[in-house]
Amino acid sequence: MERKFRIGIIGCGGIANSKHMPSLTRQPNAELVAFCDIIEERAQKACAEYGAEGAKFYTDYKELLKDETIDIVHVCTPNREHSFITVDALEAGKHVMCEKPMAINGEEAQKMLDAAKRTGKKLSIGYQNRYRPDSWYLKRACEADELGEIYYAKAHAVRRRGVPTWGVFIDEYEQGGGPLIDIGTHALDLTLWMMDNYKPKLVVGSVFKKLGGQKECGNMWGDWDAEKITVEDSAFGYIVMQNGAAISLESAWALNTLDVIEAKTTLCGTKAGADMRDGLRINRVKYNKWTTEQVDIDSANIPYRGAKPEKASDTEARLWLDAIANDKEVVVKPEQAIVVTRILDAIYRSGKTGQPVFFDENGLPMN
């Protein structure tokens, strides 16, 4: 019988309930045995709903980490807490899946990476959009060199009116920012992963707080509190890589636009291009004619006798546990995730100073 991993959840809010806990309970080699939240009722509710027999709940994550039988911890807290909880969990001998973004800034992310290397424990970040069928297909196409050299790309994360009004999403202190660090991080991760390019040279950013003070704006989750919102409503970045490739990043929770697209990428290569705007499309010139290939993503996953295609979050959980069980590389490497965080940092910094941020050959910001 395959060994079951004993897993603890730190942070029992929205992302834990919508992704982590349901996906983990669907894995045959996982059992949720510990739950922690600063709101005791949330931890107790999660324990009752998802916990294995004998599961416990806590309000202090350090008490959870004292349980030496726990193999893995999932960190699902606000962004500010990602770094120190992850470091403590790694030091306690646990493998860690931390929800995105890796940390509130590059310095805190570096502490996490250092701890993973020091302890030898596995660390991964929750960029679940990599596991979508369209993303998986496009990654295979990139690895097969079907697009050639990808020298320009766009990372898309734009909502017309989609400001999350629950939790601490609109609190800059707790989250480090708004749409850029929340959904822009997914689009940038997806784009860098496809390009397999993690060496930035310079970043220019523009960050806007134009709509947060308005009311009755048709937000999909109801009006935000104009007096409490302290984050940007949109942010844009232009990233030049060391090999000359360029990326345009757009992110918004609230923007007067009809061009709404989220967690998607557009790639332009020397052999072909690709985008995710109308499903997955690959464009190229063939026999001196323009061609567009519309990929039928679901063709290999047609439900049979009630079977359903695997959810991206379930694929994430399955491959994460497989990496631990068989000592494989994780799909989302912390060395990749930290580059995403550093670039987001640079966009915020450039937006404040009006100046570009330059990186050295090691990918560290120089100003």
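See the structure printed just above.
Predicted model, so just to flag it, every value in this text is computed and none were measured.

Quick word on the sheet that holds strand E2 (residues 30–36)
- Spatially, the six strands line up as an open sheet ordered E3-E2-E1-E4-E5-E6, and their pairing is parallel. Unpaired on one side and paired on the other, strand E3 (56–58) and strand E6 (123–126) mark the two borders of the sheet. The average undirected angle you get between the axes of adjacent strands in this sheet is 25°.
- The sheet contact formed by strand E1 (residues 5–10) and E2 spans six bridges and is parallel. By the bridge assignment for E2, Ile9 is matched with Phe35.
- Taken strand by strand, helix H4 (residues 82–91) contacts E1, strand E4 (72–75), strand E5 (95–99) and E6, and its axis lies near 170° from that of E5.

Considering the packing of helix H8 (residues 179–195) against helix H10 (residues 334–353)
- Packing of H8 against H10 brings their axes to within 10 Å, and their N-to-C directions diverge by 125°. The angle between H8 and H10 places the two elements in the oblique class. In the crossing of H8 with H10, the sense of the turn from one axis to the other is right-handed. Along the contact surface, H8 presents Leu180, Ile181, Thr185, Leu188, Asp189, Leu192 and Trp193, while H10 presents Gln336, Val339, Val340, Ile343, Leu344, Ile347 and Tyr348.
- Of the residues that constitute the contact of H8 with H10, the class distribution is 11 nonpolar, two polar and one charged.

Remarks on the nonpolar core
- If you look at the biggest cluster of nonpolar residues, it comprises 84 residues, and the most contacted ones within it are Leu64, Met102, Ile125, Leu192, Leu249 and Leu267.
- A per-element tally of this core places H8 first, with 10 residues.

Thoughts on the side chain of Asp37
- Assignment of secondary structure puts Asp37 in the loop between E2 and helix H2 (40–50).
- Asp37 sits in the buried class, given a relative accessible area of 5%.
- Engagement of the side chain of Asp37 in a polar contact is seen with the side chain of Arg42, the distance being 3.1 Å.
- Every residue in contact with Asp37, bar those within four places of it in the chain, is listed here: Gly11, Cys12, Gly13, Arg42, Ala43, Tyr58 and Thr59.

So, the pattern of salt bridges
- Considering all chains together, one arrives at 24 salt bridges under this definition.
- The shortest N-O distance in the salt bridge between Asp189 and Arg130 comes to 2.8 Å. Linking Asp189 in helix H8 with Arg130 in the loop between E6 and helix H6 (133–143), this pair joins segments that are 59 residues apart in sequence. Just as Asp189 is buried, Arg130 falls in that class too.
- Within the structure, one salt-bridge network assembled from shared partners comprises Lys19, Glu99 and Glu316.

Some words on the sheet that holds strand E13 (residues 280–286)
- Judged by pairing direction, the sheet is mixed, and its nine strands sit side by side in the order E14-E13-E12-E11-E7-E10-E9-E8-E15 without closing on themselves. Each of the sheet's edge strands pairs with one partner strand only, and the pair in question is strand E14 (289–295) and strand E15 (357–358).
- Relative to strand E10 (residues 246–252), strand E7 (residues 150–158) runs parallel, the two sharing seven bridges. Its bridge partner being in E10, Tyr152 is matched across the sheet by Ala246.
- With respect to the sheet, H6 is in contact with E7, strand E11 (261–269), strand E12 (273–275), E13 and E14, its orientation differing from that of E13 by roughly 30°.
- Its contacts with the sheet put H10 on strand E8 (200–208), strand E9 (234–241), E10 and E15, and the angle it makes with E8 is roughly 55°.

Let's talk about H10
- Taking 1.5 Å as the rise per residue, H10 with 20 residues should run 28 Å; its terminal C-alpha atoms sit 28 Å apart, in good agreement.
- When you tally the buried positions in H10, you get 15 out of 20 residues, the bulk of the element.
- Among the residues trailing H10, Gly354 stands out with phi positive, at a value near 75°.

Side note on helix H9 (residues 312–325)
- Given a rise of 1.5 Å per residue, 14 residues ought to cover 20 Å, and the 20 Å separating the end C-alpha atoms of H9 matches this to within 8%.
- In terms of burial, H9 is largely enclosed, as 11 of its 14 residues are buried.
- Along H9, the residues classified as buried are Ala312, Ser313, Asp314, Thr315, Glu316, Ala317, Leu319, Trp320, Leu321, Ala323 and Ile324.
- A positive backbone phi angle near 50° is found at Asp327, which sits one or two residues after H9.

Focus on unusual backbone geometry
- The residue after Lys100, namely Pro101, is reached through a cis peptide bond having omega -10°.
- Positioned with a positive phi, Tyr287 is a non-glycine residue whose angle comes to about 55°.
- Along the polypeptide, Tyr287 turns up in the loop between E13 and E14.
- Given a relative accessible area of 74%, Tyr287 falls into the exposed group.
- In this structure, Asn288 is a non-glycine residue whose phi angle is positive, near 70°.
- Checked against the element boundaries, Asn288 lands in the loop between E13 and E14.

What counts, and at which threshold
By convention here, each chain's residues receive numbers from 1 onward along its written sequence. Whole-chain, interface and lining totals are the exception, using all residues; otherwise, since this is a predicted model, local features are given only for residues with pLDDT of at least 70 and side-chain atom pairs are given and counted only at 80 or more. Only hydrogens and water are removed before side-chain values are computed, so all heavy atoms of the structure are retained for them. A pair of strands is labelled paired if DSSP reports no fewer than 2 bridges between them. In DSSP terms, a helix is any run of H or I states spanning at least four residues, a strand is any run of E spanning at least two, and both are numbered starting from the N terminus. Interaxial angles span 0 to 180 degrees and are taken between N-to-C directions of axes, which are lines fitted to C-alpha atoms, for helices over the stretch in contact. It only takes one pair of heavy atoms within 4.5 Å for two residues to be counted as in contact. Convention used here: angles under 35 degrees read as roughly parallel, angles over 145 as roughly antiparallel, angles from 65 to 115 as roughly perpendicular, and any remaining angle as oblique. Definitions for this section: a left-handed crossing has its near helix turned counterclockwise from the far helix by less than a right angle. A right-handed crossing has that turn clockwise. Under this grouping Gly is polar, as are all residues other than the nonpolar Ala, Val, Leu, Ile, Met, Phe, Trp, Tyr, Cys and Pro and the charged Asp, Glu, Lys and Arg. Buried Ala, Val, Leu, Ile, Met, Phe, Trp, Tyr and Cys residues form a nonpolar core when they are joined through side-chain atoms within 4.5 Å. Burial status follows relative accessibility: with a 1.4 Å probe on protein chains alone, a residue under 20% of its type maximum counts as buried, one over 50% as exposed, and anything between as partly exposed. The term polar contact refers here to a pair of N or O atoms within 3.5 Å; inside protein, the definition further demands a hydrogen-donor-capable atom paired with an acceptor-capable atom, and it admits residues adjacent in sequence only when both atoms are side-chain atoms. Every case where a carboxyl oxygen of Asp or Glu lies within 4 Å of a side-chain nitrogen of Lys or Arg is listed as a salt bridge. Multiplying 1.5 Å by the residue count of a helix minus one yields the expected span of that helix.

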